[in-house]
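So you can see what is in the structure, the chains are spelled out below.
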Amino acid sequence: MIAARHLPKRSMHQTDLFLLAMLLILAVPYLLWRIGRTEYVAPLVVVQIVCGILLGPGVLGAVFPAYYATVFDPGVIQALNGIAWWAVMVFVWIAGIELDLGQVWRQRRECGITAGLALGVPLLAGALAALVLLQWRDGWIGPHGARWQFVMGVGMACAVTALPILLLLMEKLAILREPFGQRVLRYASLDDVAIWAVLAVILVDWQRIGLQLAFLALFVPVAWVFRRLMRRLPAADRWYVGLIWLALCALAADRAGLHFMVGAFLAGAVTDRDSFDGPALDLLRHHVLLVVMPVFFLSTGLRTHWSVGGGAVFAAAGLLLAAQVMGKLAGVHLAARWLGWSRGEAWLVGWLLQTKALIMIIFVNVLLDRGIITGDTFTALLLMAVASTMLTVPMVAPRLQRLRAAG
């Protein structure tokens, strides 16, 4: 019998490496969240995003390069990216379905003024911050990005509010079903529409403009047929057909040069919310967040870079955070004065709309994919999104408690 010590050392199989990566993705954030009791400042979703950064090349790859290269080899990363793409497409599709633009239309004056100022002022502040970055040093704008695309993209990243994360935070604050919470959701809904419209503008390819216009022109009648079809289908079949519709729209948009995320959002936005059972749709969103979205957070972290230097990236993140926080608060306070809100409402609305995380991270992933921003800009924006989201509950909860005690 051959002695065990003489047996050749067995290298890890590709499947083993993939499962080890999945173990890290699921276990590390959960343990930090549960043991550290971070829920007040950082919900599990935020912890997962932070862990994605820590497990990326900027931290784990720098401290343990050999271990990082072994676990996250090209085959594993390719497999994780495939899961991440589908996860985020389904998530964006659900976000599109959940938009209640009918309620926004009924309150169009208030929603238009508030959402317009809450989006426009931080967009301007973020665009100015982007210009400062371009003047400061090289390394921020991507190889395929025009100056206007970079400035508009960074500005929009500073302006957007993440509707899905806002829903989670308002549930924890016990204001989601209250009239005030519904008001905030209406403002955020318009932001969600705006970010995809701006992304479509940024991604306009003048060499493929005819194809992109053809996609948009064909989308309208096909979407009309799809809506009529969904009304005729049994409830159980609508889920399957909805996912087929999602894949079709994402493929068509990507082939037209608009990116599959634009197609995923459009697929959801034109879907009648009444086609699906509300609690079941909520459950699907929670299951997507639980089962597959952690892979997206990790794949996002794997894209973080510090080639211009960690200090420069953190300084850029601080500049962008200041621009978006001050811009958002200023825009909401202007709307409050215009519309005559009661005292204290602007502060609450302004801080609730600071929530970024998911949708903003999806947005900047697209900008990175298309070479409009570099990995350093992506990392700075990611850090800004995490910090902004973590500030929301600590800034809102004490004020809400005082208002409830006074009322």
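Remember, predicted model here, so these are calculated numbers, not experimental data.

(A) Representation of empty space enclosed by the protein in the model. One pass over the full model with this rule turns up one cavity of 30 Å³ or more. One number sums up the size of the largest cavity: a volume of about 40 Å³. Around the largest cavity, the lining residues are Ile25, Pro29, Gln48, Cys51, Gly52, Leu55, Pro294 and Leu298. For the lining of the largest cavity, the elements supplying multiple residues, two or more each, are α1 (14-36), α2 (44-54) and α15 (293-301). Counting residues per element, the lining of the largest cavity draws most heavily on α2, which supplies three residues.

(B) How the structure looks around a nonpolar patch on the surface. Judged by side-chain polarity, Tyr30, Leu31 and Ile35 come together as a nonpolar surface patch covering roughly 320 Å² of accessible area. With respect to the helices and strands, tyrosine 30 occurs in helix α1. Note on tyrosine 30: relative accessible area 39%, which makes it partly exposed.

(C) Representation of the packing of aromatic side chains in the model. For the structure on display, the rule yields twelve aromatic pairs. Plain terms: the ring middles of tryptophan 93 and phenylalanine 276 are 5.9 Å apart, the flat faces sit at 80 degrees to each other, and that makes the pair edge-to-face. With tryptophan 93 in helix α5 (residues 74-97) and phenylalanine 276 in the loop between α13 (260-269) and α14 (278-291), this residue pair connects regions lying 183 residues apart in the sequence. The residues tryptophan 93 and phenylalanine 276 share a single accessibility class, namely buried. With a centroid separation of 5.8 Å and an interplanar angle of 25 degrees, the aromatic rings of phenylalanine 219 and tryptophan 245 are classed as stacked. With phenylalanine 219 in helix α11 (residues 209-232) and tryptophan 245 in helix α12 (residues 235-256), this residue pair connects regions lying 26 residues apart in the sequence. Joined through ring pairs, the aromatic side chains of Phe215, Phe219, Phe226 and Trp245 make up one cluster. Cation over ring: arginine 137 sits above tryptophan 136, and NZ or CZ is 5.8 Å from the ring centre.

(D) Spotlight on unusual backbone geometry. The backbone of arginine 37 shows a phi angle near 50 degrees, a positive value even though the residue is not glycine. A positive phi angle, close to 60 degrees, is found at alanine 174, a residue other than glycine. Mapped onto the secondary structure, alanine 174 falls in the loop between α9 (163-172) and α10 (179-202).

(E) Seen up close, α15. With nine of nine residues buried, α15 lies mostly within the body of the structure. The complete set of buried residues in α15 reads Met293, Pro294, Val295, Phe296, Phe297, Leu298, Ser299, Thr300 and Gly301.

(F) Inspection of the pattern of salt bridges at higher detail. Within this structure, the stated rule accounts for five salt bridges. As a salt-bridge pair, arginine 183 and glutamate 345 come within 2.8 Å of each other at their nearest N and O atoms. With arginine 183 in helix α10 and glutamate 345 in helix α17 (residues 345-352), the pair connects residues that are 162 residues apart, well separated along the chain. Neither residue differs from the other here; arginine 183 and glutamate 345 are each classed as buried. Notably, a salt bridge pairs aspartate 282 with arginine 285, separated by 2.9 Å at the nearest N-O pair. Residue aspartate 282 and its partner arginine 285 are located together in helix α14, separated by three residues, close to a single helical turn. Because the salt bridges share partners, they merge into one network encompassing Glu110, Arg183 and Glu345.

(G) The arrangement of the environment of aspartate 282 in detail. As for aspartate 282 and isoleucine 94, which are separated by 188 residues in sequence, their C-alpha atoms are 8.9 Å apart. At a separation of 2.9 Å, a polar atom in the side chain of aspartate 282 contacts the side chain of arginine 285.

(H) Focus on the confidence of the model for the chain. For the chain, per-residue confidence averages 86 on the pLDDT scale, and 95% of positions sit at 70 or higher. Mean pLDDT across the elements of the chain ranges from a minimum in helix α6 (residues 101-106), with 74, to a maximum in helix α8 (residues 147-159), with 94. Here residues 1-10 is a poorly scored stretch, pLDDT under 50, and it has two contacts once near neighbours within four places are set aside; other chains count.

(I) Here's a closer look at the layout of surface pockets. Taken as a whole, the largest pocket encloses approximately 620 Å³ of empty space. Along its surface, the largest pocket is lined by 27 residues, and Ile97, Glu98, Leu99, Asp100 and Arg273 are the ones closest to its centre. Of all the secondary structure elements, the ones that give two or more residues to the lining of the largest pocket are α5, α6, α9, α10, α13 and α14. Residues of the lining of the largest pocket, tallied by class, amount to nine nonpolar, eight polar and ten charged.

(J) Examining α9 more closely. Burial runs high along α9: eight of the ten residues are buried. Listed in full, the buried residues belonging to α9 are Leu163, Pro164, Ile165, Leu166, Leu167, Leu168, Leu169 and Met170. One or two steps after α9, the chain reaches alanine 174, where phi turns positive at roughly 60 degrees.

About the thresholds
Residues numbered from 1 in each chain as written. Predicted model: local features only at pLDDT ≥ 70, side-chain atom pairs only at ≥ 80, totals over all residues. Heavy atoms only, no water. 1 Å grid on protein atoms, 1.4 Å probe; cavity = no way out; pocket = protein on both sides within 12 Å on 5 of 7 lines; lining within 4 Å. Points joined across faces, edges and corners; volume = space filled by probe spheres on them. Helix = DSSP H or I, 4+ residues; strand = E, 2+ residues; numbered from the N terminus. Patch = residues over 30% accessible without salt bridge, like charges linked within 9 Å, V, L, I, M, F, W, Y side chains within 5 Å. Areas by Shrake-Rupley, 256 points an atom, 1.4 Å probe, with all protein chains shown as cover. Salt bridge = Lys/Arg side-chain N within 4 Å of Asp/Glu carboxyl O. Buried < 20%, exposed > 50% of the residue type's maximum accessible area, 1.4 Å probe, protein only. Phe/Tyr/Trp six-rings, centres within 6.5 Å; stacked < 30°, edge-to-face > 60°. Lys NZ or Arg CZ within 6 Å of the ring centre and 35° of its normal. Polar contact = N/O pair within 3.5 Å; in protein donor to acceptor, adjacent residues only side chain to side chain. pLDDT = per-residue confidence, 0-100. Contact = heavy atoms within 4.5 Å. Nonpolar A, V, L, I, M, F, W, Y, C, P; charged D, E, K, R; others polar.

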